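# Tertiary structure, described
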Amino acid sequence: MSPQSSSSRRRPLRTRHAATAGVAVLAAALSACSGGGDSSDGKAAAEKPEISVNLTGQQAKAGGPVTVKLAGGKLKQVTVADAKGAELPGKVSANGTTWKSQRVAAPGTAYQVEAVSEQGGSAKASFKTAAPKQVNKVTLAPGKGTTVGIAQPLSITFDHPVRNKAEVEKQLKVTTSDGTTGSWGWIKNYDGKDRVDWRPEEYWKSGTKVKLDARLNGIDSGGGDWFVRDYATGFTVGKSQVVKVNLDSKTATLARDGKTVKSLPMSAGTPGGEKASWGGTSVLMSKEGTINMRSETVGLSGSDSYNKMVDYSMRLTWSGMYAHAAPWNVSYFGNTNHSSGCVGMSTGDAGWLYREAQIGDPFEVTGSGSKGTPDPGNGYGEWNLSWSDWQTKSALS
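Quick summary incoming for the structure in this document. (Residues numbered from 1 in each chain as written. Predicted model: local features only at pLDDT ≥ 70, side-chain atom pairs only at ≥ 80, totals over all residues. Heavy atoms only, no water.)

## Here we look at unusual backbone geometry
- Cis geometry is found at the peptide bond from Ala141 to Pro142, where omega equals 0 degrees.
- Its place among the elements puts Pro142 in the loop between β10 (138–141) and β11 (146–148).
- In this structure, Asp257 takes a positive phi of about 55 degrees despite not being glycine.
- Mapped onto the elements of the fold, Asp257 is located in the loop between β21 (251–256) and β22 (259–265). (Helix = DSSP H or I, 4+ residues; strand = E, 2+ residues; numbered from the N terminus.)

Okay, structure coming up:
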């Protein structure tokens with residue numbers, strides 16, 4: 001096909017949609033206010049607009065903004081929407097000739113474009129972006145509408161590796177009701193998946209409302225993996241309480257608003273090996289009730305093996321540290337650390353703590369005989385890092 005002349009490329013089109021190999025050129029006739037050749041108020045018939053769109057066809061490239069240009073006159077309004085009616089927000093340039101979306105076009109999505117000029121004419125176009133090679137999905141914590149403890153971070157775990165960490169992090173907006181500030185940090189989850197958490201410098205204040213708006217739709221996470229939707233969650237910070245586990249005094253103490261509520265005798269992990277408890281700060285991840293605990297899941301065997309149904313189980317790490325009822329250890333409560341790494345209590349005391357504790361409460365383990373502090377991805381171990389060290393884990397630092 002021979003190249004078209006400039007006049008033929010800008011010829012007004014009579015069809016509803018049209019596309020060239022590079023840009024779509026669209027035109028819509030403007031009608032005069034009166035039925036005659038000249039309007040009764042002396043205004044000439046409005047000119048026919050010529051509008052181009054930077055994305056065309058059925059395999060348009062995703063991940064970039066949509067741009068609509070007007071050859072003559074000024075744009076009044078442009079709408080770019082997907083099949084569900086969700087619109088890409090955008091702005092008209094100062095000179096009125098160009099509109100550019102503030103969000104990018106998502107992969108595998110059909111869009112309808114409608115542009116209206118200040119003269120009252122309109123033009124329409126359509127295009128579809130190429131399907132993603134692979135979709136990257138996320139898991140958010142905590143769940144939407146939950147009430148959590150003062151140590152609960154915002155946490156996003158990704159199904160597939162994230163190579164464009166900085167670009168992804170730019171799309172994650174956190175707002176708080178009291179102006180609390182914090183930082184994102186990229187870590188490896190215990191299962192090896194990429195994860196990014198947001199925590200404040202210090203524990204949350206009770207009553208703070210937190211909202212996450214993850215505007216990931218259309219973002220390339222790298223390696224051909226794309227996000228195809230936005231995500232959001234929000235939570236409220238509940239009572240200000242801390243569980244203080246002292247390996248020396250063999251007690252677990254619940255403190256609320258800085259005051260001791262109750263101190264419970266306990267027995268933690270046997271010092272000097274893999275059966276020792278984790279020290280530092282862990283966060284109550286889940287209240288799992290009665291569960292089956294087996295030694296092979298935490299790498300213990302032989303004389304250290306066990307297989308028990310355990311009541312009032314409260315998970316502290318992914319690697320298997322819990323606080324729970326351990327009636328078989330009653331002779332050790334308050335005097336000897338003699339468990340396989342967990343914080344064991346009487347059934348009555350464990351039941352009381354289970355009812356009082358909140359998901360997101362910090363368990364601060366102090367004293368001698370621990371095996372160090374858990375990695376940030378082993379549960380929510382990021383509180384074991386200084387604030388300056390945590391900030392360096394941001395991809396934007």
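## What about the packing of aromatic side chains?
- On inspection of all chains with the given rule, the structure shows seven aromatic pairs.
- Here the aromatic cluster, defined as three or more aromatic residues joined through ring pairs, consists of Phe158, Trp186 and Phe227.
- In this structure, Lys165 is placed above the aromatic ring of Trp186, and the distance from its NZ or CZ to the ring centre is 5.5 Å.
- Between the NZ or CZ atom of Lys371 and the centre of the ring of Trp278, over which it lies, the distance is 4.9 Å. (Phe/Tyr/Trp six-rings, centres within 6.5 Å; stacked < 30°, edge-to-face > 60°. Lys NZ or Arg CZ within 6 Å of the ring centre and 35° of its normal.)

## Considerations on the sheet that holds strand β16 (residues 209–214)
- Spatial ordering of the open sheet is given by β11-β19-β16-β13, a layout of four strands whose pairing is mixed. Only two strands of the sheet have a single partner each, and these edge strands are β11 and β13 (172–176). Each neighbouring strand pair of the sheet contributes to a mean axis angle of 25 degrees, computed without reference to strand direction.
- Judged from the five bridges that link them, β13 and β16 form a sheet pairing that is antiparallel. Each residue of the ladder has a partner; that of Thr176, found in β16, is Val210. (Pairing = 2+ DSSP bridges. Axes fitted to C-alpha atoms, helices over the stretch in contact; angles between N-to-C directions.)

## A few points about the side chain of Arg103
- Among the secondary structure elements, Arg103 is positioned in strand β6 (residues 98–104).
- A polar side-chain atom of Arg103 sits 2.8 Å from a polar atom in the side chain of Asp230.
- In contact with Arg103, other than residues within four places in its own chain, are Pro65, Leu88, Pro89, Arg215, Leu216, Asn217 and Asp230. (Polar contact = N/O pair within 3.5 Å; in protein donor to acceptor, adjacent residues only side chain to side chain. Contact = heavy atoms within 4.5 Å.)

## Structural notes on the layout of surface pockets
- Of the pockets and cavities examined, the second largest pocket occupies roughly 420 Å³.
- Forming the walls of the second largest pocket are 18 residues, and the residues nearest its centre are Asp82, Ala86, Thr109, Asn217 and Val228. (1 Å grid on protein atoms, 1.4 Å probe; cavity = no way out; pocket = protein on both sides within 12 Å on 5 of 7 lines; lining within 4 Å. Points joined across faces, edges and corners; volume = space filled by probe spheres on them.)

## Re the pairing of β6
- As defined by bridge partners, strand β3 (residues 65–70) adjoins β6 across four bridges and the pair is classed as antiparallel. Paired with Lys69 across the strands is Thr98, a residue of β6.
- For strand β5 (residues 90–92) and β6, the ladder comprises three bridges, and the chain directions are antiparallel. Bridge pairing in β6 links Gly90 to Ser101.

## As for the sheet that holds strand β14 (residues 182–188)
- Pairing is antiparallel across the open sheet formed by four strands, whose spatial order is β10-β12-β15-β14. Looking at strand neighbours, the two that pair on one side only are β10 and β14, the edges of this open sheet. Direction aside, neighbouring strands of the sheet carry axes that sit 15 degrees apart on average.
- Two strands pair when backbone bridges link them, and β10 and strand β12 (residues 154–158) are joined in this way by four bridges, in the antiparallel orientation. Each bridged residue has a counterpart across the sheet, and for Val138 the counterpart in β12 is Phe158.

## Remarks on the nonpolar core
- Core analysis: the biggest nonpolar cluster contains 26 residues, and Leu154, Ile156, Phe158, Val168, Leu172, Trp184 and Leu216 have the highest contact counts within it.
- Of all the elements in the fold, those that place two or more residues in this core are β12, β13, β14, β15 (194–200), β16 and β19 (231–237).
- Excluding residues within four positions of it along the chain, Trp184 makes contact with Leu154, Ile156, Glu169, Leu172, Val174, Val196, Asp197, Trp198, Leu212, Trp390, Lys393 and Ser394.
- Counting 24 residues, the second largest nonpolar core, distinct from the first, contains Leu264, Leu284, Ala325 and Ala350. (Core = buried A, V, L, I, M, F, W, Y, C linked by side-chain atoms within 4.5 Å. Buried < 20%, exposed > 50% of the residue type's maximum accessible area, 1.4 Å probe, protein only.)

## Quick notes on the side chain of Asp361
- Inspection of the secondary structure puts Asp361 in the loop between α3 (347–356) and β28 (362–366).
- One buried charge, Asp361, has no salt-bridge partner; the nearest side chain with opposite charge is Arg256, at 7.3 Å.
- Residue contacts for Asp361: discarding those within four places in its chain leaves Gly149, Ile150, Ala151, Gln241, Ser282, Val283 and Leu284. (Lys, Arg positive; Asp, Glu negative; His and termini not counted. Salt bridge = Lys/Arg side-chain N within 4 Å of Asp/Glu carboxyl O.)

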